[in-house]
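Geometric and topological summary
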Amino acid sequence: MDKIVIVVPCYNEQEVLRQFYAKLSNVLRELQDCSVSCLFVDDGSSDATLQILRELSTEDSNVHYRSLSRNFGKESAMLAGLDAADGDAVILMDADLQHPPELIPEMISWWRKGYDDVCMKRTDRRDETIFKRMMANLFYRVLQMVSRCTIQRNVGDFRLLDRRCVAALRLVRENQRFTKGLFTWIGFRKKELPFHVQPRAAGKTTWNYFALYNLAVEGLTSFTTAPLRLTTFLGLAVSLLAISYMFIVLINALLYGDPVAGYPTLMTVMLFLGGVQLLSLGILGEYLGRVFMESKQRPIYLVAEADGKDVLYAPEDSPERRIVRSVEKRGQLDETE
Ligand code: UDP
Ligand code: MG
């Protein structure tokens, strides 16, 4: 029988979690020919999410959870889930019911036909503001222009991955993860299925424009060094222009003499060059920062609790985990305090 694990990252999802679980288990009950378990990853929530997960896992033996020691971000939480999931296939989905569980049987059937990566493609972004859609468009276009692999458009994290893909993703241990790009990078046979994104069932999204901007920079810089090349090109072009202009100025001065004018030109050139230099420095800095972060080789996430047990990272077996004692034995903090 095929073993399928559903990995769900959750960050402050106390309002929807039970609703999500109810809907999911309704769908899973219909599935006959495979055993499905859920693996929730609590991404350091500050509300009752962890408490709910503890309850769910005692109520249902098919529910497992990992709780990270703080909020590491969705990308890291997903990796924590992938690391812990041992199934023939893994399904990634959000906890907020934006990814309809009803589609799971269809995803599984495509996997059985031989696809390794069944990705769900959103058919419309109508629920988003025009500005957000424009920015998304621009982002995809730029990313596609500068990177060698074809980036899938409007395809998010809602997908089914064969164990081969999961194993491949586990190999990629970069700290600054742009998972969307990594899915493309690993390759394997992909199948895109259309779906409608549902509005968030409850709670609120943690993404704002600033976070999205960061994600976009992350995506660009983690997948290509094209911006660096662009700065070289820009530098070259500006230098050529400057040299030509220098000749014009020189010849002008020699032939006609130069009554000291040209303050506007001077200012423009200075400001323009200053801008270009700062921009180039910034781009350099982005990459340097990334090298700095990666060179520390910190673990991508830390698990604090796994299925009711405390987790200890022992030096000799890190980053492997060792389970030391059950959570019940220790005093429980009230998470909502
Ligand atoms: N999430 C997470 N860690 C975070 C932020 C979000 O694990 O730091 C989870 C969240 O609980 C949800 C999923 O990632 O299951 C998508 O988050 P959200 O709905 O806020 O994003 P959106 O759907 O707006 O892209
Ligand atoms: Mg959402």
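Residues numbered from 1 in each chain as written. Chains lettered and ligands numbered in written order. Predicted model: local features only at pLDDT ≥ 70, side-chain atom pairs only at ≥ 80, totals over all residues. Heavy atoms only, no water.

1. A few points about the overall build of the chain
To be explicit about the condition: Elements are defined by DSSP. Helices are runs of H or I of four residues or more, strands are runs of E of two residues or more, and each kind is numbered from the N terminus. For every residue, the accessible area (1.4 Å probe, protein chains only) is compared with the maximum for its type, and the residue is labelled buried under 20%, exposed over 50%, or partly exposed between those bounds. Note on definitions: a residue-residue contact is assigned when non-hydrogen atoms from the two residues lie within 4.5 Å. Per-residue and other accessible areas follow the Shrake-Rupley method at a 1.4 Å probe size, with only the shown protein chains counted as cover for residues.
Counting secondary structure elements, the chain contains 10 helices and 10 strands. Each of the 337 residues in the chain was classed as buried or not, and the buried ones make up 42%. Looking at the chain alone, contacts between residues at least 24 apart form 78% of all its contacts between residues at least 6 apart. By element, 61% of the accessible surface of the chain is carried by carbon and sulfur atoms, the whole surface being about 19200 Å².

2. Details of the site of ligand 1
Put simply, the rule reads: Nearness is defined per residue: one heavy atom within 4 Å of the molecule or strand is enough. In protein, a polar contact requires one atom able to donate a hydrogen and another able to accept it; more generally it is a pair of N or O atoms within 3.5 Å, and residues adjacent in sequence count only if both atoms are side-chain atoms. Lys, Arg, Asp and Glu make up the charged group, whereas Ala, Val, Leu, Ile, Met, Phe, Trp, Tyr, Cys and Pro make up the nonpolar group; the residues left over, Gly among them, are polar.
In the region of ligand 1, 16 residues are neighbours, and Tyr11, Glu13, Asp43, Asp96 and Gln98 sit closest. A distance of 3.5 Å separates a nitrogen atom of ligand 1 from a polar backbone atom of Lys74. The separation between an oxygen atom of ligand 1 and a polar side-chain atom of Asp96 is 2.5 Å. For ligand 1, whose accessible area on its own is 520 Å², the fraction buried by protein is 87%. Considered class by class, the residues forming the shell around ligand 1 number 5 nonpolar, 5 polar and 6 charged.

3. Looking at the pairing of strand E8 (residues 303-306)
Put simply, the test is: For two strands to be treated as a pair, DSSP must find no fewer than two bridges joining them.
Direction of pairing for strand E3 (residues 63-68) relative to E8: antiparallel, over a ladder of 3 bridges. By the bridge assignment for E8, Ser67 is matched with Glu305. Pairing between E8 and strand E9 (residues 309-312): 2 bridges, direction antiparallel. Its bridge partner being in E9, Glu305 is matched across the sheet by Asp310. The loop that links E8 with its antiparallel partner E9 comprises 2 residues; one of these, Asp307, has a positive phi angle of about 45°.

4. Details of the packing of aromatic side chains
Definition in use: Each Phe, Tyr or Trp ring (for Trp, its six-membered ring) is paired with any other whose centre lies within 6.5 Å, and the angle between the two planes then decides the class: stacked below 30 degrees, edge-to-face above 60, tilted in between.
A complete count under the given rule lists 3 aromatic pairs for this structure. Aromatic side chains Phe20 and Phe40 sit 6.1 Å apart centroid to centroid with 80° between the ring planes, which places their arrangement in the edge-to-face category. Linking Phe20 in helix H1 (residues 17-30) with Phe40 in strand E2 (residues 34-42), this pair joins segments that are 20 residues apart in sequence. The pair formed by Phe20 and Phe40 is uniform in burial state, with each residue classed as buried.

5. Topic: empty space enclosed by the protein
Short version of the rule: Grid points spaced at 1 Å over the protein atoms alone were grouped into cavities, where a 1.4 Å probe fits but cannot get out, and pockets, open sets with protein on both sides within 12 Å along at least five of seven lines, with lining residues defined by an atom within 4 Å of a point. Grid points are joined across faces, edges and corners, and a volume is the space filled by probe spheres set on the points.
A complete count under the given rule lists 1 cavity of 30 Å³ or more for this structure. There is about 40 Å³ of room inside the largest cavity. Forming the walls of the largest cavity are Ile151, Gln152, Val155, Arg159, Lys180, Gly181 and Thr184. Elements supplying a minimum of two residues to the lining of the largest cavity: strand E6 (155-162) and helix H7 (179-186). Tallying contributions element by element places H7 first for the lining of the largest cavity, with 3 residues. Considered class by class, the residues forming the lining of the largest cavity number 2 nonpolar, 3 polar and 2 charged.

6. A look at helix H5 (residues 130-146)
Defined as follows: Helix span is expected to be 1.5 Å times the residue number reduced by one.
Over its 17 residues, H5 extends 25 Å from the first C-alpha to the last, a length consistent with the 24 Å expected when each residue adds 1.5 Å. Close packing links the buried residues of H5 with E6, H7 and helix H8 (209-223).

7. As for the pattern of salt bridges
This is how the line gets drawn: What makes a salt bridge here is a side-chain nitrogen of Lys or Arg within 4 Å of a carboxyl oxygen of Asp or Glu, nothing more.
Across all of its chains, the model carries 19 salt bridges by this definition. Between Glu286 and Arg290 there is a salt bridge; the shortest N-O distance is 2.8 Å. In this pair, Glu286 and Arg290 are both assigned in helix H10 (residues 263-295), 4 residues apart and thus about one turn of the helix distant. Overall, the relative accessible area of 32% leaves Glu286 in the partly exposed class.

8. Description of a nonpolar patch on the surface
Our working rule: A residue counts toward a patch only above 30% relative accessible area and without a salt bridge, and it is joined to like-charged neighbours within 9 Å or, for Val, Leu, Ile, Met, Phe, Trp and Tyr, to nonpolar neighbours within 5 Å.
On the surface, a cluster of nonpolar side chains totalling about 910 Å² of accessible area is made up of Ile243, Met246, Phe247, Leu250, Ile251, Leu254, Leu255 and Tyr256. By the element assignment, Phe247 lies in helix H9 (residues 226-256).

9. Here's the deal with H8
For H8, spanning 15 residues, the distance from its first C-alpha to its last is 21 Å, which sits close to the expected 21 Å at 1.5 Å a residue. The elements touched by buried residues of H8 are H5, H7 and H10.

10. Some details on the side chain of Ser76
Within the secondary structure layout, Ser76 lies in helix H3 (residues 74-84). Under the relative-accessibility criterion, Ser76 is labelled buried at 7%. With residues up to four places along the chain from it excluded, the contact list for Ser76 reads Ile300 and Tyr301.

11. Some remarks on the packing of helix H6 (residues 163-171) against H7
Which entries qualify depends on this criterion: Interaxial angles span 0 to 180 degrees and are taken between N-to-C directions of axes, which are lines fitted to C-alpha atoms, for helices over the stretch in contact. An angle below 35 degrees is treated as roughly parallel, one above 145 as roughly antiparallel, one from 65 to 115 as roughly perpendicular, and anything else as oblique. Rotating anticlockwise by less than a right angle from the far helix to the near helix defines a left-handed crossing, while the corresponding clockwise rotation defines a right-handed one.
Remark: H6 packs on H7, axes separated minimally by 10 Å, with the N-to-C direction vectors making an angle of 120°. As judged from the angle between their axes, H6 and H7 are oblique. By crossing handedness, the relation of H6 to H7 is classed as right-handed. Each of Cys165, Ala168 and Leu169 in H6 lies in contact with H7, whose residues at this interface are Leu182, Phe183 and Ile186. By residue class, the composition of the contact of H6 with H7 is 6 nonpolar, no polar and no charged.

12. Some thoughts on the packing of H9 against H10
Closest axis-to-axis distance for the H9/H10 pair is 10 Å, and the angle between their directions is 160°. Looking at the two axes, H9 sits roughly antiparallel to H10. The two elements H9 and H10 meet at a crossing, and its hand is left-handed. When H9 is examined against H10, the residues Ala226, Pro227, Leu228, Thr231, Leu234, Val238 and Tyr245 are found in contact with a partner set consisting of Thr265, Phe272, Leu273, Val276, Ser280, Ile283, Leu284 and Tyr287. Here the contact of H9 with H10 is built from residues that sort into 12 nonpolar, 3 polar and no charged.

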